[in-house]
Amino acid sequence: MKRQTFLQIIFAALLLTTLTTPSFAHKVRIFAWEEGGNIVTESKFSGGRAANNATVSVIDADTGRELLSGTTDPEGMFSFPLPSSGVKNLDIIVNGGDGHKNHWQYVIEYSGGSVASPPGIAVQPENKQPYPEKTVDKVTDDTLATVTMEELNHLLETTIDKKLVPIRRTLAENAEKGPTLQDILGGIGYIIGLAGIAAYVQSLNKKKE
Amino acid sequence: MHISEGVLSPPVLLVGVAVTVIGTAVGLKKIDYDRIMTVSLLTATFFVASLIHVPLGPGNIHLVLGGLMGIVLGWSCFPAILVALILQTLFFNYGGLVVLGVNTTIMAFPALICYYLFRPWLRNNGLKRKIGAFAAGFLAILLSSLIMAVALSSTDKGFIQAAQLVIAAHVPLMIIEGLITMFTVSFLAKVLPEFLNIGK
């Protein structure tokens, strides 16, 4: 009877454990996404608490050079402007200060007419061929068309960027998953297996004696 | 309680490995046929306990149960915690294989100290047993935080700052672990005294 209550309590404890699993234990994680010409990073402790006042350093993954660093605000956010062109792979490292550290690899995509490209540099229009160059009037017309094309491109890019922010953020957030039930049961299985091996070795020793 | 990879310097890592190797060797010697199931049951408990969160304090803390491991297992808490930490690293991505030695030391060494300090208190039923169990749960986390602060201070920030940060984050956990250890021990002593190796 007593044994039964003991087993019941163990079962209840296991059930409680599996119910509380979605949070990720004691670990800091960081994720980053692009938002209007800035790279925004968010750092969280396992379980969803924001990692405030944590050090974030941004490193050029190709050269190993540190580009910049800073600390997160109370919401665990830290944002910095897109680094100058030429830098493609970023390694964003967060250090919680209490022994927790993690990093996020970020690849910058330089698209044509991107927000980051400085104004004044003419971007070659892709659909230039169909327009024949004949008169002076036509040429000005053509450049006018190019500018509006560029502006349209720019407008589209920024709008799409803005609309994509929540999606990018969710994607970044879901890139790392907490332990699943399979992980937990697998671990317990390993422990039972090790106990079996230990018992086997001990029984061999007993036989020898 | 799990230090991530890439935070500590090599000398600290080596000290952790040395302590873990010695502790595990002694601990394995102490496991006899009758103790295997006790050790592996507590290993499983420790492995799973890290998934129970305590949403208090500045960070997010999970149960460690170092005190319980220590007073029940003695030296054998070293192999038990080592195995559980290896599995947590592989399955849950906590800590890392390089810092395994340090992390084992952080959790198992205080557990061992609690064994020597409070194990005698558990012999007889009564208030003394409860206080001993609570103190074991409380002290194990306190000492773990201190060792963690020492390990961190040698590489990162100054000791005082690291200690303040770590201990402040773990104060609620010390009290909760103390209570859990107290209830678990008094419950086991009533229901399964042979599990604790003590008289009723």
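Residues numbered from 1 in each chain as written. Chains lettered and ligands numbered in written order. Predicted model: local features only at pLDDT ≥ 70, side-chain atom pairs only at ≥ 80, totals over all residues. Heavy atoms only, no water.

Re the overall build of chain A
No. 1: Helix and strand counts for chain A stand at three helices and seven strands.
No. 2: Taken from the N to the C terminus, the helices and strands of chain A come in the order α-β-β-β-β-β-β-β-α-α.
No. 3: For chain A, with 209 residues in total, the buried portion stands at 32%.
No. 4: Nonlocal contacts in chain A, meaning residues at least 24 apart in sequence, comprise 53% of its contacts between residues at least 6 apart.
No. 5: Approximately 13400 Å² of chain A is accessible, and the part contributed by carbon and sulfur atoms is 60%. (Helix = DSSP H or I, 4+ residues; strand = E, 2+ residues; numbered from the N terminus. Buried < 20%, exposed > 50% of the residue type's maximum accessible area, 1.4 Å probe, protein only. Contact = heavy atoms within 4.5 Å. Areas by Shrake-Rupley, 256 points an atom, 1.4 Å probe, with all protein chains shown as cover.)

With respect to the confidence of the model for chain B
No. 1: Summarising the model, chain B shows a mean pLDDT of 85, and 93% of its residues fall at 70 or more.
No. 2: Two numbers describe this predicted complex: its pTM, 0.71, and its ipTM, 0.77. (pLDDT = per-residue confidence, 0-100.)

Quick word on the sheet that holds strand E6 (residues 89–95) of chain A
Residues and elements named next belong to chain A.
No. 1: The strand order across the open sheet formed by four strands is E4-E3-E6-E7, and the pairing between neighbours is antiparallel. Where the open sheet ends on each side, the last strands, each with one partner, are strand E4 (66–71) and strand E7 (101–107). On average, each strand axis in the sheet is inclined to that of its neighbour by 20°, with strand direction left out of account.
No. 2: As paired strands, strand E3 (residues 55–60) and E6 are joined by six bridges and run antiparallel to one another. Note that in E6 the partner of Thr55 across the bridge is Asn95. (Pairing = 2+ DSSP bridges. Axes fitted to C-alpha atoms, helices over the stretch in contact; angles between N-to-C directions.)

A few points about the sheet that holds strand E5 (residues 77–81) of chain A
Where strands meet in a sheet, backbone hydrogen bonds hold them as pairs that are either parallel or antiparallel.
Residue and element names in this part refer to chain A.
No. 1: Across the sheet, which stays open at both edges, the three strands sit in the order E1-E2-E5 with antiparallel pairing between neighbours. With partners counted over all chains shown, the strands left at the sheet margins are strand E1 (28–35) and E5, one partner each. Within this sheet the neighbouring strands show an average axis-to-axis angle of 20°, counted without direction.
No. 2: Looking at chain direction, strand E2 (residues 38–45) and E5 are connected through five bridges and run antiparallel. The residue of E5 that forms the bridge with Glu42 is Met77.

Considerations on the packing of aromatic side chains
No. 1: All told, the structure shown has seven aromatic pairs over all chains when counted by the stated rule.
No. 2: Lying across the ring of Trp121(B), Lys128(B) places its NZ or CZ 5.5 Å from the centre. (Phe/Tyr/Trp six-rings, centres within 6.5 Å; stacked < 30°, edge-to-face > 60°. Lys NZ or Arg CZ within 6 Å of the ring centre and 35° of its normal.)

Section: a nonpolar patch on the surface
All names here are of chain A.
No. 1: Nonpolar side chains collect at one region of the surface, where Met149, Leu152, Leu156, Ile160, Leu164, Ile167 and Leu171 lie side by side and expose about 640 Å² of accessible area between them.
No. 2: Topologically, Leu156 is positioned in helix H2 (residues 136–174).
No. 3: For Leu156, a relative accessible area of 46% puts it in the partly exposed group. (Patch = residues over 30% accessible without salt bridge, like charges linked within 9 Å, V, L, I, M, F, W, Y side chains within 5 Å. Salt bridge = Lys/Arg side-chain N within 4 Å of Asp/Glu carboxyl O.)

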